[in-house]
Amino acid sequence: MNHAAVAHSLTIRDLTPGKGYERLVEAKDDKTGLHALVSIHSLKRGPAAGGCRMFNYAKIEDAIYDVERLSKGMTYKNAAAELPLGGGKSVIIGNPKTLKTPELMRAFGAFIEYLAGDYYTAEDVGVSTQDMAYISETTSYVAGLDGGEFASGDPSPVTARGVFLCLKQTLKRGLGSDDLTDKTIAIQGLGHVGMSLAGMLHDAGAKLIVSDINDDAVRIAQADFGATVVSPDEILHQQADVFAPCAMGGALTADAIDVLKARYVVGAANNQLADDTCGQRLQDKGILYAPDYIVNGGGIVNVAMEILKISDPSYRESRISGLATTLEQVFERAAETGQPPHMVADELIGTRLR
Ligand code: NAD
């Protein structure tokens, strides 16, 4: 094990990474209570990039499992968006409501600095743009900032645009036309991405059925977009053309797929398939599934522009429309081979990594 102490009285050591991973590094800081992990899955396409999650993991093994799983996911998401970035992720172990302080975030920044640019961090669950500002005081390998020359700000509208283009691509594949006039889209979750997507779909002439556990959000969609509101339990049962999961991961369970009436699934949520069998189950039911990490790549495109210091908006637009092109390649190959799209996506993106 390689031990090193750096600024902020950090103790940093390399742990043994999972098979196929580049690196797993742990940092501890007695002064601030920081206990963090960085997983670097791949550096093949460039420096690793992926957000930092703060969560009160019950044990270190749970944190390692999560950070490695998420870091591998970032390798695929970054490659799907054709970004010159590898895959990485970090976790801070602890309850963000009680443990988080500016000093802890600065100590985390010193940890990221120690990795000397092999990994760039940004926001994820439990971590805010304000936290990124503290982190940026001790490292330059950080994105998702609110201020600064290349600051990328809230990625959600860009994510929504990518989902919108992929949704149109999916309809084109299935129906031969991407015209949204009078198509019905059932949106689960009207948060940052879901609400923005709802606006784009409404402007394009689609009819909306929406659900959210937040009553204010559904009221806005009803008033602004004429959306039909249903309860969270009813959204899967709706007679819609497309189901757009834009809430939490794992929405596509076996039970959910059994009741789903839509013929297409295209949404922003991460890790939509509850397990590997669910992609096949969708296919068996004749439902065309647009793999999540291709569809929701707009957010990382936004972050990447900050990391790569690119201000030309045409870069963003070309990468976002590229998501729909990649999706079409997946559908094409899935049709040729008879494999479900989520498996084809992993194979296709895997070739970009080799
Ligand atoms: P958000 O927290 O702003 O919105 C999530 C919404 O889902 C909230 O309004 C919440 O009330 C609602 N919700 C929660 N449980 C629900 C349920 N059971 N039924 C209906 N609604 C429910 O999050 P977001 O930033 O809009 O992201 C949405 C999803 O997309 C997440 O899975 C996120 O990981 C993923 N994603 C987001 C981005 C981005 O740029 N924000 C990028 C890639 C992926």
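Owing to the predicted nature of the structure, the values given are computational and were not obtained by experimental measurement.

### A look at the site of the ligand
Part 1 of the argument: Near the ligand there are 19 residues, and of these Thr159, His192, Val193, Asp212 and Ala247 occur at the shortest range.
Part 2 of the argument: Within the contact set of the ligand, an oxygen atom lies 2.9 Å away from a side-chain nitrogen or oxygen of Asn270.
Part 3 of the argument: Protein contact buries 74% of the 830 Å² of open area that the ligand shows by itself.
Part 4 of the argument: Elements supplying a minimum of two residues to the shell around the ligand: α5 (156–175) and α6 (192–203).
Part 5 of the argument: Across the shell around the ligand, the residue classes tally to nine nonpolar, nine polar and one charged.

### A word on the sheet that holds strand β13 (residues 264–265)
Part 1 of the argument: Across the sheet, six strands lie side by side as β11-β10-β9-β12-β13-β14; this open sheet has parallel pairing. Each edge of the sheet is formed by a strand with only one pairing partner; in this case those strands are β11 (228–229) and β14 (288–289).
Part 2 of the argument: Examined bridge by bridge, strand β12 (residues 242–245) and β13 share two bridges and lie parallel to one another. Bridging across to β13, Phe243 finds its partner in Val265.

### Let's talk about the pattern of salt bridges
Part 1 of the argument: Under the definition given, this model contains 17 salt bridges.
Part 2 of the argument: Between Arg53 and Asp124 there is a salt bridge, with its nearest N and O atoms 2.8 Å apart. On the criterion of sequence distance, the pair formed by Arg53 in strand β6 (residues 52–55) and Asp124 in the loop between β8 (119–120) and α4 (129–135) is long-range, its members being 71 residues apart. Each member of the pair, Arg53 together with Asp124, is buried.
Part 3 of the argument: Taken together, the shared-partner salt bridges in this structure form one network comprising Arg53, Asp66, Arg69, Lys89 and Asp124.

### Some points on the side chain of Lys183
Part 1 of the argument: Secondary-structure assignment places Lys183 in the loop between α5 and β9 (184–188).
Part 2 of the argument: Of the side chains with opposite charge, Asp241 comes closest to the buried, unpaired Lys183, at an N-O distance of 5.7 Å.
Part 3 of the argument: Not counting the four nearest positions on each side in its chain, Lys183 is found in contact with Leu171, Leu175, Ala206, Lys207 and Asp241.

### Considerations on helix α12 (residues 313–337)
Since the α-helix packs 3.6 residues into each turn, any two residues three or four apart lie on the same face.
Part 1 of the argument: The first and last C-alpha atoms of α12 sit 37 Å apart over 25 residues, in line with the 36 Å expected at 1.5 Å per residue.
Part 2 of the argument: Among the structural elements, α1 (60–80), α5, β14, α10 (292–295), α11 (298–307) and α13 (341–353) are those in contact with the buried residues of α12.
Part 3 of the argument: At the C-terminal side of α12, Gly338 shows a positive phi close to 80°.

### As for unusual backbone geometry
Part 1 of the argument: The phi torsion at Asn271 lies on the positive side, around 50°, for a residue other than glycine.
Part 2 of the argument: Topologically, Asn271 is positioned in the loop between β13 and α9 (277–284).
Part 3 of the argument: Of note, the phi angle at Lys309 is positive, near 55°, even though the residue is not glycine.
Part 4 of the argument: Mapped onto the secondary structure, Lys309 falls in the loop between α11 and α12.

### Some details on helix α3 (residues 102–114)
Part 1 of the argument: Along its 13 residues, α3 runs 19 Å from first to last C-alpha, staying within 8% of the 18 Å computed at 1.5 Å per residue.
Part 2 of the argument: Of the residues trailing α3, Ala116 is marked for its positive phi of about 55°.

### Regarding the packing of α5 against α12
Part 1 of the argument: Following both chains from N to C, one finds α5 and α12 inclined at 35°, their axes separated by 9 Å at the closest point. Crossing handedness for the pair α5 and α12: right-handed. Between α5 and α12, the contacting residues are Val158, Arg161, Gly162, Leu165, Cys166, Gln169, Thr170 and Arg173 on the first element and Arg316, Glu317, Ile320, Ser321, Leu323, Ala324, Leu327, Glu328, Phe331, Glu332 and Ala335 on the second.

### Overview of the packing of aromatic side chains
Part 1 of the argument: In the structure shown here, the tally under the stated rule is four aromatic pairs.
Part 2 of the argument: Centroid distance Phe55 to Tyr57: 5.0 Å. Interplanar angle 70°. Geometry classified as edge-to-face.
Part 3 of the argument: A relative accessible area of 46% places Phe55 in the partly exposed class.
Part 4 of the argument: Aromatic side chains Phe108 and Phe111 sit 6.3 Å apart centroid to centroid with 75° between the ring planes, which places their arrangement in the edge-to-face category. Linking Phe108 with Phe111, this pair stays in helix α3, spanning three residues, or about one helical turn.
Part 5 of the argument: Here Phe108 falls in the buried class, since its relative accessible area comes to 0%.

Conventions we followed
Residues numbered from 1 in each chain as written. Predicted model: local features only at pLDDT ≥ 70, side-chain atom pairs only at ≥ 80, totals over all residues. Heavy atoms only, no water. Near = heavy atom within 4 Å. Polar contact = N/O pair within 3.5 Å; in protein donor to acceptor, adjacent residues only side chain to side chain. Areas by Shrake-Rupley, 256 points an atom, 1.4 Å probe, with all protein chains shown as cover. Helix = DSSP H or I, 4+ residues; strand = E, 2+ residues; numbered from the N terminus. Nonpolar A, V, L, I, M, F, W, Y, C, P; charged D, E, K, R; others polar. Pairing = 2+ DSSP bridges. Salt bridge = Lys/Arg side-chain N within 4 Å of Asp/Glu carboxyl O. Buried < 20%, exposed > 50% of the residue type's maximum accessible area, 1.4 Å probe, protein only. Lys, Arg positive; Asp, Glu negative; His and termini not counted. Contact = heavy atoms within 4.5 Å. Expected span 1.5 Å × (residues − 1). Axes fitted to C-alpha atoms, helices over the stretch in contact; angles between N-to-C directions. Left-handed = near helix turned anticlockwise from the far one by under 90°. Phe/Tyr/Trp six-rings, centres within 6.5 Å; stacked < 30°, edge-to-face > 60°.

Scope: geometric values only; no functional claims are made or implied.
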